[in-house]
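# Summary of the model geometry
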Amino acid sequence: VPTCERYAVRRLPFARLEDGDVAFFERLMPGRVVTGEEEVKAFNVDWLKSVRGCSQLVLKPQTTAEVSQVLRYCHEKNLAVNPQGGNTGLVGGSVPVFDEIILSTALMNKIISFDKVSGILVCQAGCVLERLNEYLEEQGFVMPLDLGAKGSCHIGGNVATNAGGLRLLRYGSLRGTVLGLEVVLADGSALDCLTSLRKDNTGYDLKQLFIGSEGTLGVITAVSILCPQKPKAVNVAFLGCQSFAKVLETFTTCRAMLGEILSAYEFMDEKCMELVERHLKLSRPVTGSPFYVLIETSGSNSTHDEEKLSNFLEQAMASGLVTDGTVATDDKKIKELWSLRERITEALTHEGYVYKYDISLPVGKLYDLVTDMRARLGHSAKSVVGYGHLGDGNLHLNITAESYSHSLLDAIEPFVYEWTAGCSGSISAEHGLGFKKKQFIQYSKPQQAVVLMQQFKAMLDPKGILNPYKTLPSAPKRSLC
Ligand SMILES: O=C(O)CC[C@@H](O)C(=O)O
Ligand SMILES: [Zn+2]
């Protein structure tokens, strides 16, 4: 079902693509212009296959100059543009709603420089996260972010959405690790803020405006990012807990006892594990608990780290916080344990349609929302699962059903948003607003803030050609009176 039909969206009055436009782009970047329904199809649909646009054109620039020329042309002709990285987003931000031209960063995948002393990497926006990490590992460094989609997502898309992921607990968000950006603005002008300085207090920090703006304020073409040393010793423990209260207490204990070597604290409920086993045939090292936690340590001295970890495990077992568990120190087993957590999203897609909620809450209340939602939906949902980045106060609430239904959606929303706002939480912790959540921004931001955002948008993109229908709410429909 096309997005515009499912959600009854009206097309804004942008120009429609003409043969002359395609000819212009063909001259600009011969062989890197994709047309034809079949060829464009994959770019029109999101990874979840939940939103679908009808673009007729994909452009694959290689340089910032080409992105500039594309946007200058589109700005002048009033053609709408949908910037796209690896297309792994979960809120419909990376695919067109109507016939927006898709501007793909797939061929902008050059590493520009890496400084081994400072650990600062400068690269083009279309570099795949996992490739960057492999490149850095050879030099004794890692990327400061890691997520399940690493094999496909682009660093430009990560920055544009301010993606969080599995290492945020340790290295913080991209708002801290991104040092500089190069961005092409809606009118085609390139803004060079691609500095590589840890400290720079000269005026407003403009790059922050583009981090998390989901391609609505400009197209990120290059990134400068601070990368940490690759840890010499990594350990992972996968543990079972008998209640959510114990998950919380285990976190407190583990923070106190592992201190600076703690690098991830993830949790998942029993239902998640069942689905991963059933749909992906992954074997479960620990069973029989309503909750599981994955704890990772990263440090520089394996003897020291292992001693700390075993002291912690001893204490957690002795006090009954944890009832069962396994520990991995070798790479292969570490990867297997991480798969159980990273591939939950993939397992869920095998269930049918997935309603996704990415919520920030006071950590003590994180699981109450799952319990309340389960009770509220009863048998109308196939499964209601909760997992996420507990250490960051971030819950991933997912609800599955055989197929999409308006009535189930109405039972979930706005209830889930009201519940979240009731705890002063965020309705999007790390996935962004994209297309699916933009109408709900007011649950997490005051009207005054939304108006200010709209003013920034109008200033930077007066014609509204950049990723339209996304992030900011559309103007309320005027009543007929
Ligand atoms: O699918 C989801 O809801 C979460 C995806 C991702 O943010 C994760 O942490 O695995
Ligand atoms: Zn996540």
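Parameters and conventions
Residues numbered from 1 in each chain as written. Chains lettered and ligands numbered in written order. Predicted model: local features only at pLDDT ≥ 70, side-chain atom pairs only at ≥ 80, totals over all residues. Heavy atoms only, no water. Helix = DSSP H or I, 4+ residues; strand = E, 2+ residues; numbered from the N terminus. Rg over C-alpha atoms; globule rule 2.2 N^0.38 Å. Contact = heavy atoms within 4.5 Å. Areas by Shrake-Rupley, 256 points an atom, 1.4 Å probe, with all protein chains shown as cover. Near = heavy atom within 4 Å. Polar contact = N/O pair within 3.5 Å; in protein donor to acceptor, adjacent residues only side chain to side chain. Nonpolar A, V, L, I, M, F, W, Y, C, P; charged D, E, K, R; others polar. Pairing = 2+ DSSP bridges. Axes fitted to C-alpha atoms, helices over the stretch in contact; angles between N-to-C directions. Donors = N, O, S within 2.8 Å, 3.2 Å for Na, K, Ca; no water. Buried < 20%, exposed > 50% of the residue type's maximum accessible area, 1.4 Å probe, protein only. Left-handed = near helix turned anticlockwise from the far one by under 90°. Patch = residues over 30% accessible without salt bridge, like charges linked within 9 Å, V, L, I, M, F, W, Y side chains within 5 Å. Salt bridge = Lys/Arg side-chain N within 4 Å of Asp/Glu carboxyl O. Phe/Tyr/Trp six-rings, centres within 6.5 Å; stacked < 30°, edge-to-face > 60°. Lys NZ or Arg CZ within 6 Å of the ring centre and 35° of its normal. Parallel < 35°, antiparallel > 145°, perpendicular 65-115°, else oblique. Core = buried A, V, L, I, M, F, W, Y, C linked by side-chain atoms within 4.5 Å. Domains from an automatic or database assignment.

Helix and strand counts for the protein chain come out as 18 helices and 16 strands. Taking 481 residues into account, the globule formula puts the C-alpha radius of gyration at 23 Å, and the protein chain, at 23 Å, falls close to it. Taken along its principal axes, the extent of the C-alpha atoms in the protein chain is 70 × 60 × 45 Å. Sequence-distant contacts in the protein chain: of pairs separated by 6 or more residues, those separated by 24 or more amount to 75%. Taken as a whole, the protein chain presents about 21,000 Å² of accessible surface, with 52% of it coming from carbon and sulfur.

All residues in the neighbourhood of ligand 1 are listed as Leu90, Arg341, Thr345, Lys356, Tyr387, His389, His396, Asn398, Glu430 and His431. Measuring from an oxygen atom of ligand 1, one finds a side-chain N or O atom of Thr345 at 2.7 Å. Within the side chain of Asn398, an N or O atom sits 3.0 Å from an oxygen atom of ligand 1. Contact with the protein chains removes 87% of the 300 Å² of surface that ligand 1 exposes when unbound. Partitioned by chemical class, the residues of the shell around ligand 1 number 2 nonpolar, 5 polar and 3 charged.

Spatially, 4 strands are ordered S1-S2-S4-S3 in an open sheet, and the strand pairing comes out mixed. Two strands lie at the open edges of the sheet, namely strand S1 (33-34) and strand S3 (81-84), each paired on one side alone. Pairing of S3 with strand S4 (residues 101-104) involves 4 bridges; the strand directions are parallel. Its bridge partner being in S4, Gln84 is matched across the sheet by Ser104. Against the sheet, helix H4 (residues 64-77) contacts strand S2 (58-59), S3 and S4, and its axis sits at roughly 165° relative to S4.

This next bit is on the coordination of the zinc ion (ligand 2). Protein-derived coordination of the zinc ion (ligand 2) comes from His389 (NE2), His396 (NE2) and Glu430 (OE), at a distance range of 1.9 to 2.1 Å. Mapped onto the sequence, the donors of the zinc ion (ligand 2) take the spacing H-x6-H-x33-E. Residue His396 is located in strand S16 (residues 394-401), and its partner Glu430 is located in the loop between helix H17 (415-422) and helix H18 (447-460); the two are separated by 34 residues in the primary sequence. For His396, a relative accessible area of 5% translates into the label buried. Note on Glu430: relative accessible area 12%, which makes it buried.

Turning next to the packing of helix H10 (residues 244-258) against helix H12 (residues 302-318). Closest axis-to-axis distance for the H10/H12 pair is 10 Å, and the angle between their directions is 150°. Read as a crossing pair, H10 and H12 show a hand that is right-handed. Side by side, H10 and H12 meet where Thr250, Thr253, Cys254, Met257 and Leu258 of the first sit next to Lys308, Leu309, Asn311, Phe312 and Gln315 of the second. Its residues assigned to classes, the contact of H10 with H12 comprises 5 nonpolar, 4 polar and 1 charged.

The next thing to look at is a nonpolar patch on the surface. A cluster of nonpolar side chains, namely Leu452, Phe456 and Met459, defines an oily patch on the protein surface of about 310 Å² accessible area. Topologically, Phe456 is positioned in helix H18. On the basis of relative accessibility, which here comes to 34%, the residue Phe456 falls in the partly exposed class.

On to the sheet that holds strand S7 (residues 178-184), then. Taken in spatial order, the 5 strands make up an open sheet running S5-S6-S9-S7-S8, and their pairing is antiparallel. In this open sheet, the two strands that pair with only one neighbour each are strand S5 (111-115) and strand S8 (190-193). The sheet shows a mean angle of 10° between the axes of neighbouring strands, direction not considered. By the bridge criterion, 4 bridges tie S5 to strand S6 (residues 120-124) in an arrangement that is antiparallel. The residue bridging Ile111 from the neighbouring strand is Cys123, located in S6. Sheet contacts for H4: S7, S8 and strand S9 (219-226); angle to S7, the most-contacted strand, approximately 45°.

Glancing now at the packing of aromatic side chains. Considering all chains together, one arrives at 22 aromatic pairs under this definition. Between Phe24 and Phe25 the ring centres are 5.5 Å apart and the planes differ by 75°, which places this aromatic pair in the edge-to-face class. Judged by relative accessible area, which is 0%, Phe25 ranks as buried. In this structure an aromatic cluster arises from ring pairing among Tyr7, Tyr353, Tyr355, Tyr404 and Phe435. Across the ring face of Tyr404, the terminal group of Arg6 is positioned such that the distance to the ring centre comes to 4.0 Å. Stacked on the ring of Phe415, the Lys or Arg Arg376 has its end atom at 4.2 Å from the ring centre.

A few words on the packing of helix H15 (residues 368-377) against H17. As a packed pair, H15 and H17 sit with axes 11 Å apart at the nearest point and diverge in direction by 150°. Considered as vectors, H15 and H17 are oriented roughly antiparallel to each other. Crossing of H15 over H17 shows right-handed handedness. Facing H15, whose interface residues are Asp368, Leu369, Asp372, Met373 and Arg376, H17 presents Phe415, Val416, Trp419 and Thr420. Considering only residue class, the contact of H15 with H17 consists of 5 nonpolar, 1 polar and 3 charged.

Turning next to the nonpolar core. Residues Phe267, Ile295, Tyr355, Tyr357, Leu397 and Ile399 are the most contacted members of the largest nonpolar core, which totals 54 residues. Of all the elements, H10 adds the most residues to this core, at 5 residues. Taken domain by domain, the makeup of this core includes at least three residues from each of domain 3 (233-343) and domain 4 (351-443). Those residues within four positions of Leu397 in sequence are excluded, and the remaining contacts are Tyr355, Lys356, Tyr357, Leu369, Val370, Met373, Val384, Val385 and Val416.

So, about unusual backbone geometry. Of the consecutive residues Glu413 and Pro414, the connecting peptide bond is found in the cis state with omega at 5°. Positionally, Pro414 belongs in the loop between helix H16 (406-412) and H17. A positive phi is found at Tyr469, a non-glycine position, where the angle reads about 70°. In this fold, Tyr469 is placed in the segment after H18.

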